[in-house]
Amino acid sequence: MARKKPAGRGSLNWSGRGSQGAGGGMGELRIIGGDWRSRKLRFPDAGGVRPTPARTRETLFNWLSFHTAGNDCLDLFAGSGALGLEALSRGAGAVTLVDHTPSLARALRDNLRLLKSDRGTVECASVDSYLAHRTRDPFDIIFMDPPFRQGWLEAILPVLDDQGWVKPGGWVYLEYESERSSPTVPAHWHLHRQKTAGQVTYCLFRVCPEQEHTTA
């Protein structure tokens, strides 16, 4: 996940964990759990990309408990890859990381090679173009931390549901600015956990299987 100073979030050029900017510095990500615990990885400081804070990641993967290992995950707006790489470290079967910034996509591929992992796939593409047509099996878990104040949740959540991007019984993780109201999600997505930390709210939804939805 990226985190930029609040004043910068209003800019349409800032695109969350996968920024359009091309800063000259480097950032650092530390994996906090699993097989790669304490491994430090570098990534371009492209327009203010910052890893999801360690405390938030720990909370998220505690929420997911035993649901990560062996599952197929999608990390949208991947940026530094903090969520997708953390999932791989904790035993995810496969992770697809999507980011439209070439320098960040290269860094993700380099870090997967550094970790000697063949379970990660990097797609250098915009999230909306990637999601437009599903040509593969749906995912077990989707992580999504879009840029703030640009209407991404309203645009993408219906697509995730209509195109069947997440399996019945799967999970969708969202982050959004705490100043806004909760996003509207499909009726069969049930809120599992939610927490606010400062200016950010993060939550985990379970996609209810059809038989549970119809009998609820």
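Quick caveat: nothing in here was measured; it's all calculated off a predicted structure. Residues take numbers from 1 onward in each chain, read along the sequence in its written order. Predicted model: local features are reported for residues with pLDDT of at least 70 only, side-chain atom pairs are reported and counted for 80 or more only, and whole-chain, interface and lining totals are derived from all residues. With hydrogens and water excluded, all non-hydrogen atoms of the structure serve as input to the side-chain values.

Engineer: Kindly report on the overall build of the protein chain, identifying the contributing residues and their values.
Structural biologist: On a plain count of helices and strands, the protein chain comes out with 6 helices and 9 strands. Type-normalised accessible area, obtained with a 1.4 Å probe on protein chains alone, sets the label of each residue: buried when under 20%, exposed when over 50%, and partly exposed for intermediate values. Taking all 216 residues of the protein chain together, 52% fall into the buried category. What makes two residues a contact is simply this: any of their non-hydrogen atoms within 4.5 Å. Sequence-distant contacts in the protein chain: of pairs separated by 6 or more residues, those separated by 24 or more amount to 67%. As presented, the protein chain carries roughly 9700 Å² of accessible surface, and 48% of it is formed by carbon and sulfur atoms. Numbering of helices and strands starts at the N terminus; helices are DSSP runs of H or I of at least 4 residues and strands are runs of E of at least 2. Accessibility throughout is a Shrake-Rupley quantity obtained with a 1.4 Å probe, and a residue counts as covered only by protein chains that appear here.

Engineer: Which residues make up the sheet that holds strand β4 (residues 94–98), and what are the values?
Structural biologist: The 7 strands are arranged β5-β4-β3-β6-β7-β9-β8 in an open sheet whose pairing can be described as mixed. Each edge of the sheet is formed by a strand with only one pairing partner; in this case those strands are β5 (120–123) and β8 (189–197). Pairs of neighbouring strands in the sheet enclose a mean axial angle of 15°, with direction left out of account. Relative to strand β6 (residues 139–144), strand β3 (residues 72–76) is paired through 4 bridges, and the arrangement is parallel. Each residue of the ladder has a partner; that of D75, found in β6, is F143. Being paired, for any two strands, means DSSP has found at least two bridges between them. Every angle, taken between N-to-C directions, lies between 0 and 180 degrees, and every axis is a line fitted to C-alpha atoms, over only the stretch in contact when it is a helix.

Engineer: Could you give an account of the nonpolar core, naming the residues involved and the relevant values?
Structural biologist: Remark: nonpolar core denotes a set of buried residues (Ala, Val, Leu, Ile, Met, Phe, Trp, Tyr, Cys) joined through side-chain atoms within 4.5 Å. By size, the foremost hydrophobic cluster in this structure holds 34 residues, and its most contacted members are L60, L64, L85 and F143. The next biggest cluster of nonpolar side chains, apart from the first, holds 25 residues, and it includes F77, M144, W152 and W189.

Engineer: How would you summarise the side chain of E177 if you had to cite specific residues and measurements?
Structural biologist: In this fold, E177 is placed in strand β7 (residues 166–177). Other than its neighbours up to four places away in sequence, E177 contacts F148, R149 and Q199.

Engineer: Please provide a residue-by-residue account of the confidence of the model for the protein chain, values included.
Structural biologist: Scored by pLDDT, the protein chain has a mean of 86; 85% of the residues are at 70 or more. The model gives residues 1–23 a pLDDT under 50, and that stretch makes 88 contacts with residues more than four places away or in other chains. pLDDT measures how confident the predictor is about each residue, on a scale from 0 to 100.

Engineer: So what about helix α5 (residues 152–162)? Which residues, and what values?
Structural biologist: When α5 is considered as a whole, its buried residues turn out to be W152, L153, I156, L157 and L160. The arc that holds the buried residues of α5, viewed along the axis, is 105°, so those residues lie on one side. Those residues of α5 that are buried are in contact with β3, α4 (127–131), β6, β7 and β8. Just downstream of α5, G164 is the residue with a positive phi angle, here 65°. It is the directions from the helix axis to the C-beta atoms whose arc is reported.

Engineer: Describe the packing of helix α1 (residues 54–64) against helix α2 (residues 82–89), listing the residues and the values that go with them.
Structural biologist: α2 packs onto α1 with a crossing angle of 50° between their chain directions and a minimal axis gap of 11 Å. One element, α1, and the other, α2, form an angle in the oblique class. Relative to α2, α1 is oriented so that their crossing is right-handed. Contacts between α1 and α2 pair R57, L60 and F61 from the former with A82, L83, E86 and A87 from the latter. Here is the rule for angles: anything less than 35 degrees is roughly parallel, anything more than 145 is roughly antiparallel, 65 through 115 is roughly perpendicular, and the remaining ranges are oblique. By the definition used in this description, the sense in which the near helix is turned from the far one sets the handedness, with an anticlockwise turn below a right angle giving left-handed and a clockwise turn giving right-handed.

Engineer: So, the environment of L131: which residues are in play, and what are the values?
Structural biologist: Residue position: L131 is located in helix α4. Each C-alpha atom, one on L131 and one on W165, is 8.1 Å from the other, the two residues being 34 residues apart in sequence. Once you skip the residues sitting within four places of it in the chain, L131 turns out to touch L74, L76, I156, V159, L160, Q163 and W165.

Engineer: Outline the pairing of strand β9 (residues 200–207), listing residues and values.
Structural biologist: With respect to burial, β9 is a largely interior element, 7 of its 8 residues being buried. Where β7 and β9 come together, 7 bridges link them in antiparallel fashion. Residue E175 lies in a different strand from β9, and its bridge partner there is Y202. Pairing of β8 with β9, which is carried by 8 bridges, proceeds in the antiparallel orientation. Across the sheet, Q194 pairs through a bridge with C203, a residue of β9. Between β8 and the antiparallel strand that follows it, β9, lie 2 residues; G198 among them carries a positive phi value of about 65°.

Engineer: Residues and numbers for the environment of P168, please.
Structural biologist: Checked against the element boundaries, P168 lands in strand β7. Apart from the residues within four sequence positions on either side, P168 is in contact with V207 and P209.

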